[in-house]
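# Descriptive analysis of the structure
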Amino acid sequence: MRFLGIKAITALFAAGLLATGCGEDEKYNTDYQWLALSQSTEKWDGSACNQLYTLKEEQVTDTVIKLTVSLYQNQTASQDCTADIVIAKDSLAKAISLSGNGGKYDVYKNALLMDDSYYQLSSTQITLKAGEVQSAPVDVTIHREKLLKDPVRAENENAIFVLPIQIVNSSSYKVNEVVHTLMLMFQLPQIDPTQPDMTDPKQEVDGMKLIWHDEFNGTGAPDPSVWGLEEGFQRNNELQWYQKEGNAEMDGNGNMVFIAKRERVKNPNYVAGSGDWKKNREYAEYTSASMNTSGKFVFKYGRLLCRAKIPTDLGAWPAIWTCGNWWEWPLNGEIDLLEYYLVNGKPSIHANFCWGSDTRWSGKWKSYNRPLEEFVAKDPDWTNKYHIWRMDWDENYLRLYLDDELLNEVDLRTTVNGSGGGAPEGGYQNPFSNNHEGFGAYVWLNLAVGANGGDPSDTEFPMKYYVDYVRVYQLDK
């Protein structure tokens, strides 16, 4: 796709490289009353004949671009003329195919044809009236907010959406094929890794369709039809008292924010001298939140994605995990996409699998951990950014990833439970690969304080854990 500008054509005529068939200016003008898009420039060098718009997150108002047509050298039209406006998909496809050659086509290496839903034409026909130099405009309305939400940004931050507009089928004048096409190009802003991703989720990834998600786009408490919140002391001798209100709130910016607070709460289950850690503390000195989809959403096989920014202060124990909806723990199977806590005094990222052993309430583990300092050594700003935790699950394997790096995997032929040590059900079952109808895993999100997370005494509170979204994809059945 190569355009020669009007000035270039004129120069060729003057040099005798193109036969004009005329000698006088008046006859020249009459013979070359060619119709062109007024917005197309005279020489195409890869960026000319284009209009490039760089989008910004906060600029969501529709953009209206006015298209007009005119004759060569702005001659006055001697008769009415209409032309059709079309989307020149073939012209764009050719430019994209040549982008690997570099040079003037390099601008198209990340080009994508703009979807119909992102723009609107006020008319598909444009008219130049006799006696006029320029036509009345046709409006092209670009829906910026929809473009900014396009999920392609999560995979290709350099994507440029292109709307290739062309005039064809002129009723009265020859269409000047040098300047009859305009590439409207829209550069998406790069997703800020320190901010929530406001793009809409992809409906399909790697052949799997989106079956469930929560983008946390709102304010206030989590949706009670999707999430249940825990209350009280729950696990691992942790310090926090989980509350149903005030510690998990959507912030209006696309996050579910878990807030751990240093505040005293009286334990209503307190029993002086009890040997049960959940009862022998008269007060909890910290509060936080834990929520899960038990009884509301379960899935078996597919992909779970969670984008989050975790707290790394001493005492923090954020987690993204799943448990099976049948049998007691650990016979139901636990999968830790994320746990963050200390190992030998070092803050570490964990990715684990757990299933049942021959001893009741004691699991078999296939664990992985890596010190946080190794992530920070590669990216000093790691702790200020959001990251994507991912679980891929099929009948044969479970794999856990962090930002597309494989951390841990397990062959599901090896995850059959032991006897369970007297548990009523679940012994010798496989919690990760079975044919039980209705069996599945539900999702947990929580921010614990203390225990494996370390002593929070000198940590500044409130401590915040930001979850941008949770998404589940599955193959069509």
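Up top is the structure.
Residues numbered from 1 in each chain as written. Predicted model: local features only at pLDDT ≥ 70, side-chain atom pairs only at ≥ 80, totals over all residues. Heavy atoms only, no water.

## What to know about the overall build of the protein
How we decide: Here a strand is any run of E in DSSP of at least two residues, a helix any run of H or I of at least four, and the numbering for each starts at the N terminus. For the radius of gyration, the atoms used are the C-alpha atoms, and the globule rule reads 2.2 Å times the number of residues raised to 0.38. Exposed residues in this analysis have more than 50% of their type's maximum accessible area, buried residues have under 20%, and partly exposed residues fall in between, with area computed by a 1.4 Å probe over protein chains only. Every residue pair with non-hydrogen atoms within 4.5 Å of one another is taken to be in contact.
Per the secondary structure count, the protein includes five helices and 32 strands. A compact globule built from 477 residues would reach a C-alpha radius of gyration of about 23 Å, whereas the protein, at 31 Å, exceeds it by more than 25%. When its C-alpha atoms are laid out on the principal axes, the protein stretches across 110 × 45 × 40 Å. Each of the 477 residues in the protein was classed as buried or not, and the buried ones make up 51%. In the protein, the share of contacts with a sequence separation of at least 24, taken over all contacts with a separation of at least 6, comes to 73%.

## Details of the pairing of strand β32 (residues 463-475)
Heads up, the rule is: By definition, two strands form a pair when at least two bridges between them are found by DSSP.
Of all 13 residues in β32, 10 are buried; the element is thus mostly enclosed. Sheet topology places strand β14 (residues 208-214) next to β32; six bridges connect them, and they run antiparallel. Its bridge partner lying in β32, Met208 is registered against Leu475. For strand β19 (residues 256-266) and β32, the ladder comprises five bridges, and the chain directions are antiparallel. Bridge pairing in β32 places Ile259 opposite Lys464. Note: strand β22 (residues 302-309) against β32, seven bridges, orientation antiparallel. Opposite Arg303, over in β32, you have Tyr473 as the bridge partner.

## Comments concerning the sheet that holds strand β1 (residues 34-37)
An order of β4-β1-β11 is seen for the three strands of this open sheet, with the pairing classed as mixed. The two strands at the open ends of the sheet, each matched to only one other strand, are β4 (69-71) and β11 (174-175). Direction of pairing for β1 relative to β11: parallel, over a ladder of two bridges. Looking at the pairing, Leu35 lines up with Val175 of β11.

## With respect to the environment of Ser78
Following the sequence through the fold, Ser78 ends up in the loop between β4 and β5 (81-87). A relative accessible area of 54% means that Ser78 is categorised as exposed. In the structure, Ser78 is positioned 55 residues away from Val133 in sequence and 9.7 Å away in space, judged by C-alpha atoms. Discounting chain neighbours no more than four positions away, the residues touching Ser78 are Gln33, Ala130 and Tyr173.

## Some thoughts on the environment of Asn430
Spelled out, the test is: In the analysis that follows, any N or O atom pair within 3.5 Å is treated as a polar contact, provided that within protein one partner can donate a hydrogen and the other can accept it, and provided that, for residues neighboring in sequence, both atoms belong to side chains.
Secondary-structure assignment places Asn430 in the loop between β30 (405-411) and β31 (441-449). The exposure class assigned to Asn430 is buried, which follows from its relative accessible area of 10%. On a C-alpha basis, the gap between Asn430 and Glu328 in space is 13 Å, while along the polypeptide they are 102 residues apart. Apart from the residues lying within four places of it in its own chain, the contact partners of Asn430 are Leu412, Thr415 and Val416. Among the polar contacts listed, one links the side chain of Asn430 to the backbone nitrogen of Phe432, at a separation of 3.0 Å.

## Quick look at the sheet that holds strand β9 (residues 138-142)
Note the threshold: Axes here mean lines fitted to C-alpha atoms, for a helix over just the part in contact, with angles spanning 0 to 180 degrees between N-to-C directions.
Across the sheet, three strands lie side by side as β3-β9-β7; this open sheet has antiparallel pairing. Only two strands of the sheet have a single neighbouring strand rather than two, namely β3 (63-67) and β7 (119-121). Between one strand and the next, the sheet's axes are offset by a mean angle of 20 degrees, whatever the strand orientation. As defined by bridge partners, β3 adjoins β9 across five bridges and the pair is classed as antiparallel. Looking across to β9, one finds that Leu67 is bridged to Val138.

## Here we look at the side chain of Asn267
Among the secondary structure elements, Asn267 is positioned in the loop between β19 and β20 (283-288). A relative accessible area of 2% places Asn267 in the buried class. Among the polar contacts made by the side chain of Asn267, one reaches the main-chain amide nitrogen of Asn269 at a distance of 2.9 Å. Among the polar contacts listed, one links the side chain of Asn267 to the backbone oxygen of Arg281, at a separation of 3.0 Å. What Asn267 contacts, discounting residues up to four positions off in sequence, is Phe233, Trp241, Lys278, Lys279, Arg281, Glu282 and Tyr283.

## A closer look at the pattern of salt bridges
Which entries qualify depends on this criterion: We define a salt bridge as a side-chain nitrogen of Lys or Arg found within 4 Å of a carboxyl oxygen belonging to Asp or Glu.
Tallying each qualifying case throughout the model produces 19 salt bridges. Among the ionic pairs, Arg471 bridges to Glu215, the shortest N-O distance being 2.7 Å. Here Glu215 lies in the loop between β14 and β15 (219-220) and Arg471 lies in strand β32, a separation of 256 residues in the sequence. For Glu215, a relative accessible area of 10% puts it in the buried group.

## Examining the pairing of strand β25 (residues 346-356)
Of all the 11 residues making up β25, nine are buried; the element is thus mostly covered by neighbouring parts of the structure. Bridge count for strand β24 (residues 334-343) against β25 is eight bridges, and the pairing is antiparallel. Within β25, the position partnered with Leu342 by the bridge is Pro347. Strand direction decides the pairing type here: β25 and strand β27 (residues 369-371), joined by three bridges, are antiparallel. Its bridge partner lying in β27, His350 is registered against Asn369. Sheet topology places β25 next to strand β26 (residues 363-366); four bridges connect them, and they run antiparallel. Bridging across to β26, Trp355 finds its partner in Lys364.

## Here's the deal with helix α3 (residues 89-97)
Going by this rule: The arc in question is formed by the directions pointing from the helix axis toward the C-beta atoms.
Listed as buried for α3 are Ser91, Leu92 and Ala95. Here the buried residues of α3 occupy an arc of 95 degrees about the axis, which is enough to place them on one side. Exposed residues on α3 whose side chains face more than 90 degrees from its buried face are Asp90 and Ser97. The inward-facing, buried residues of α3 contact β6 (111-113), β10 (160-168) and β12 (181-187).

## Regarding the nonpolar core
Counted only if it meets this: The set of buried Ala, Val, Leu, Ile, Met, Phe, Trp, Tyr and Cys residues whose side-chain atoms join them within 4.5 Å is what this entry labels a nonpolar core.
If you look at the biggest cluster of nonpolar residues, it comprises 54 residues, and the most contacted ones within it are Phe258, Leu445, Tyr465 and Val467. Residues contacting Phe258, with those up to four places away along its chain left out, are Asn247, Ala248, Ala289, Met291, Leu445, Asn446, Leu447, Met463, Lys464, Tyr465 and Val467. Grouped together as the second largest cluster of nonpolar side chains are 35 residues, Ile85, Tyr118, Leu147 and Tyr173 included.

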